[in-house]
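# Descriptive analysis of the structure
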Amino acid sequence: MSERDRMVWLHDAAKAYGEGPRRVQVLQGLDLEVRKGELVAVVGPSGVGKSTLLHIIGLLDRPDSGTLELDGTDVSCLDLEARAKLRNTLIGFVFQYHYLLDELDARDNVALPLRIAGRTGHAARGRAEELLTRVGLADRASHFPDQLSGGELQRVAVARALAMEPPLLLADEPTGNLDRENSEMLFSLVRELHLMEGLTSIIVTHDEEMAGRCDRAFRLAPAGERSGDV
Amino acid sequence: MRAELHLARRYLGRLRRRTHVATVSGISLVSLALGVLALVITLSLLEGFQSTIRRELLQRSAHARLAPASGRVLPDAKALVSVLRAKLPNVAVTEIVSGTCLARSFADAIPALVEGRSNTHRVAIDHILAARLGVGPGEQVEVISSRRRLTPLGPVPVRVRLEIADVVAPEPGRESGALTVPLDVAQRLLWGKPVVQSIELRDPADPWHLARQVRQALAGRFPGLRVDGLQQLHRSLLLALSMERIMIFVAVGLMLVVASLNLLCNVAMIAAEKRTDLAVLSGLGLTPSGLRRLFVLLGLAIGTIATVVGAGMGTLVAVTLDRTHALTLPRGVFIVSSVPFRVRPEMVATVSLVALGLAILASWLPARSVARRDPAEGLRYE
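Residues numbered from 1 in each chain as written. Chains lettered and ligands numbered in written order. Predicted model: local features only at pLDDT ≥ 70, side-chain atom pairs only at ≥ 80, totals over all residues. Heavy atoms only, no water.

As a further point, take empty space enclosed by the protein. Under the definition given, this model contains four cavities of 30 Å³ or more. Looking at the largest cavity, its volume works out to about 140 Å³. Ser 282, Leu 291, Arg 373, Asp 374 and Pro 375 of chain B are, among the 16 residues lining the largest cavity, the residues nearest its centre. Looking at the lining of the largest cavity, the elements with two or more residues in it are α2 (80–90) of chain A together with α9 (275–283), α10 (288–324), α11 (345–372) and α12 (375–380) of chain B. Take the lining of the largest cavity: its biggest share by element is four residues, from α9 of chain B. Class assignment for the residues of the lining of the largest cavity results in ten nonpolar, two polar and four charged. (1 Å grid on protein atoms, 1.4 Å probe; cavity = no way out; pocket = protein on both sides within 12 Å on 5 of 7 lines; lining within 4 Å. Points joined across faces, edges and corners; volume = space filled by probe spheres on them. Helix = DSSP H or I, 4+ residues; strand = E, 2+ residues; numbered from the N terminus. Nonpolar A, V, L, I, M, F, W, Y, C, P; charged D, E, K, R; others polar.)

Quick look at the structure:
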């Protein structure tokens with residue numbers, strides 16, 4: 001794969017938590033490459049470090065060692081401010097739990113990344129309403145999180161992740177808390193947006209069937225064992 | 001900044017839905033407002049008393065005094081008075097001669113200050129001397145000078161018998177008795193010739209800058225002259241007043257510090273409760289400096305509400321107590337009949353700025369630790 005086609009390149013990454021005898025090595029010698037426009041599922045047993053991998057790629061966490069390049073830029077040495085700005089413009093997140101802010105309604109939650117980027121309230125709200133329409137929640141724009149169902153909350157979270165039109169979408173078990181019907185609806189929505197927006201997407205999932213519908217599935221093995229494509 | 005402002009507004013607006021944070025925030029707000037209120041009322045009370053003292057000082061004391069730098073007599077006093085009257089036509093100029101004499105009545109004989117003034121033709125005795133000699137208006141006092149004159153019987157002290165016209169309050173800061181007499185009487189008693197020892201000046205329009213005006217008017221034409229303004233004449237009293245104000249400000253200001261510590265705990269509590277939200281905000285791209293700003297804005301908002309409420313209520317209470325004379329004082333003991341309050345806008349502004357500064361500091365400390373947190377940490381512990 002040429003450098004120009006590559007959105008994510010993680011090389012020889014290692015990550016451990018804790019100190020001394022309580023130290024747990026989560027990732028070790030991990031390599032992962034994701035092509036632009038690819039939809040990749042990350043699968044593996046619980047506790048193997050799937051969320052940690054996603055946090056490292058999403059610049060929420062730093063590896064203890066290794067190199068990370070996003071869209072051809074080495075981001076390993078960036079400071080906190082630069083990493084935050086890059087997260088705002090380059091990466092969209094969908095977490096297992098929606099993590100919407102209780103104090104904001106659906107529209108303001110979706111508009112949040114735009115306001116952080118410095119857009120005016122009017123422009124941010126306009127874009128938020130457009131996205132809520134795309135995820136089928138135009139009539140729920142002024143509802144607060146405690147007035148929305150689980151599936152609706154995750155759809156709002158997807159809309160928020162795409163507010164800044166980021167090229168990279170990271171989803172950490174986005175259907176983990178949903179029933180079968182809502183899981184199917186959400187995954188279809190993510191896949192549709194992935195195709196329409198030309199995104200590069202990495203989805204952590206336990207669902208083998210869902211992983212099978214992605215372009216590629218990457219199995220994360222415990223530290224010391226070999227991880228790779230399924 | 002827009003996002004931080006928006007979030008701070010929404011957090012505070014929806015705070016009432018979160019009972020315990022709302023309660024703690026309310027307590028922080030009330031304690032800070034009480035601190036501001038206490039400081040405004042206390043300083044207004046202090047300012048009320050101090051302005052009464054300053055007013056009395058201006059009414060009864062000279063605003064500037066000219067005296068010889070060395071020696072006891074002003075050289076060329078007549079020319080000096082003419083220049084002053086010509087250059088400063090709106091300033092009252094009084095020539096003075098003073099010295100200690102023995103004042104004697106039917107009851108007692110005690111040393112007293114005798115002050116001859118060119119602006120009076122009546123004899124006035126102050127309360128202190130009047131009480132000691134047991135005399136009042138219309139009664140006579142014999143004043144015996146230490147100066148002697150030669151008579152066929154040998155040297156005898158110069159003495160005059162004076163009828164008291166007025167009993168007046170003593171000059172501020174004076175504790176021994178004094179007798180005020182016409183200038184020529186004092187000159188005859190103390191010197192036997194028309195000398196002037198000092199010149200007092202009064203300018204009610206601009207008393208605090210009179211000494212400077214006098215120095216400019218004289219322009220070095222009379223060397224060997226000392227010009228003292230109010231600041232020099234009453235240095236220790238004015239210093240004591242300003243020290244008192246500073247000490248009271250610091251002592252009562254400690255209440256604000258305690259209230260700010262309360263606010264610090266409150267903001268730290270919000271930071272702990274919002275750990276996940278903050279991690280998500282960071283994940284969405286809010287920079288560490290943005291997170292710091294968000295928390296400082298929260299503290300500043302609570303501080304601003306508390307300051308406005310505290311300063312407003314403090315001013316209202318002080319003005320009401322002053323206008324209604326609600327707190328009365330025993331008659332004859334104090335120079336005022338009720339507790340005076342005086343609200344100075346610059347004083348309220350200083351208190352408000354200190355309160356806001358402390359509120360910013362109190363919210364900046366937890367904000368700093370929030371900004372240092374790794375975003376993944378907040379998500380991991382959820």
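On we go.
All names here are of chain A. Taken together, the six strands give an open sheet; going across it, the order is β6-β7-β8-β3-β9-β10, and neighbouring strands pair in mixed fashion. Each of the sheet's edge strands pairs with one partner strand only, and the pair in question is β6 (91–94) and β10 (228–229). As defined by bridge partners, strand β9 (residues 216–219) adjoins β10 across two bridges and the pair is classed as antiparallel. Counted as the bridge partner of Phe 218 is Asp 229 from β10. Strand contacts of α2: β6 and β7 (168–172), with the helix running at about 80° to β6, the strand carrying the most contacts. The strands touched by helix α6 (residues 180–197) are β3 (39–43), β7 and β8 (200–204); relative to β8, the strand with the most contacts, the crossing angle is about 160°. (Pairing = 2+ DSSP bridges. Contact = heavy atoms within 4.5 Å. Axes fitted to C-alpha atoms, helices over the stretch in contact; angles between N-to-C directions.)

Next up on the list: the nonpolar core. Residues Val 8, Leu 53, Ile 57 and Leu 70 of chain A together with Leu 281 and Phe 295 of chain B are the most contacted members of the largest nonpolar core, which totals 80 residues. With near-sequence residues (within four places) excluded, Leu 53 of chain A lies in contact with Leu 10, Leu 27, Leu 30, Leu 32, Val 42 and Leu 220 of chain A. Formed by 40 residues, the second largest nonpolar core is a distinct cluster that contains Val 43, Leu 137, Leu 148 and Leu 199 of chain A. (Core = buried A, V, L, I, M, F, W, Y, C linked by side-chain atoms within 4.5 Å. Buried < 20%, exposed > 50% of the residue type's maximum accessible area, 1.4 Å probe, protein only.)

The subject of this paragraph is the layout of surface pockets. Residues and elements named next belong to chain B. There is about 440 Å³ of room inside the second largest pocket. Along the wall of the second largest pocket there are 18 residues; nearest its centre are Arg 60, Arg 117, Val 168, Glu 171 and Thr 180. Secondary-structure elements contributing two or more residues to the lining of the second largest pocket are α2 (19–60), β3 (109–117), β4 (124–126), β8 (178–182) and β9 (198–202). Looking at the lining of the second largest pocket residue by residue, the classes come out as six nonpolar, four polar and eight charged.

Turning our eyes to something else, we now look at the packing of aromatic side chains. Residues and elements named next belong to chain A. The final tally for this structure, using the stated rule, is three aromatic pairs over all chains. For the pair Tyr 97 and Tyr 99, a centre-to-centre distance of 5.4 Å together with 75° between the ring planes defines the contact as edge-to-face. Given the relative accessible area of 41%, Tyr 97 is considered partly exposed. Classification of Tyr 99 as buried rests on a relative accessible area of 10%. (Phe/Tyr/Trp six-rings, centres within 6.5 Å; stacked < 30°, edge-to-face > 60°.)

Taken residue by residue, the interface counts 28 residues in chain A and 29 residues in chain B. Each partner contributes to the roughly 2,700 Å² buried at the junction of chain A and chain B, and carbon and sulfur atoms together form 60% of this total. A per-residue breakdown of the area chain A buries against chain B is headed by Tyr 99, Glu 103 and Ile 116 of chain A, which together make up 24% of the total. Summed over the shared surface of chain A and chain B, the result is two salt bridges. Its salt-bridge partner being Glu 103 of chain A, residue Lys 274 of chain B comes within 2.3 Å of it at the nearest N-O pair. (Buried area = accessible area lost by both parts, 1.4 Å probe. Salt bridge = Lys/Arg side-chain N within 4 Å of Asp/Glu carboxyl O.)

All names here are of chain B. Put simply, α10 and α11 touch, their axes get as near as 7 Å, and they point 155° apart. One finds that α10 runs roughly antiparallel with respect to α11. Remark: the crossing between α10 and α11 carries right-handed chirality. When α10 is examined against α11, the residues Pro 288, Leu 291, Arg 292, Phe 295, Val 296, Gly 299, Leu 300, Gly 303, Thr 304, Thr 307, Ala 311 and Thr 315 are found in contact with a partner set consisting of Val 348, Ser 352, Ala 355, Leu 356, Ala 359, Ile 360, Ser 363, Trp 364, Ala 367, Arg 368, Val 370 and Ala 371. Across the contact of α10 with α11, the residue classes break down as 15 nonpolar, seven polar and two charged. (Parallel < 35°, antiparallel > 145°, perpendicular 65-115°, else oblique. Left-handed = near helix turned anticlockwise from the far one by under 90°.)

Before going further, it helps to spend a moment on the sheet that holds strand β5 (residues 73–74) of chain A. All names here are of chain A. Strand order in the open sheet made by the four strands is β2-β1-β4-β5, with antiparallel pairing throughout. Looking at the sheet topology across the chains shown, the edges are occupied by β2 (24–35) and β5. Inspection of the sheet shows strand β1 (residues 6–17) paired to strand β4 (residues 65–70) by five bridges, in the antiparallel sense. Note that in β4 the partner of His 11 across the bridge is Thr 67. Relative to the sheet, helix α1 (residues 50–57) contacts β1, β2 and β4, its axis offset from that of β2 by approximately 55°.

This part takes up the pattern of salt bridges. Applying the stated criterion across every chain, the model contains 35 salt bridges over all chains. If you follow the salt bridges from partner to partner, you end up with Glu 47, Arg 54, Arg 245, Arg 342, Arg 344 and Glu 346 of chain B in one network.

Residue and element names in this part refer to chain A. Within the chain, Leu 59 stands out as a residue other than glycine whose phi angle is a positive 65°. As for its placement among the helices and strands, Leu 59 is situated in the loop between α1 and β4. Since its relative accessible area comes to 1%, Leu 59 is described here as buried. Look at Tyr 99: it is not a glycine, yet its phi comes out positive at around 55°. Within the fold, Tyr 99 resides in the loop between β6 and α3 (106–116).

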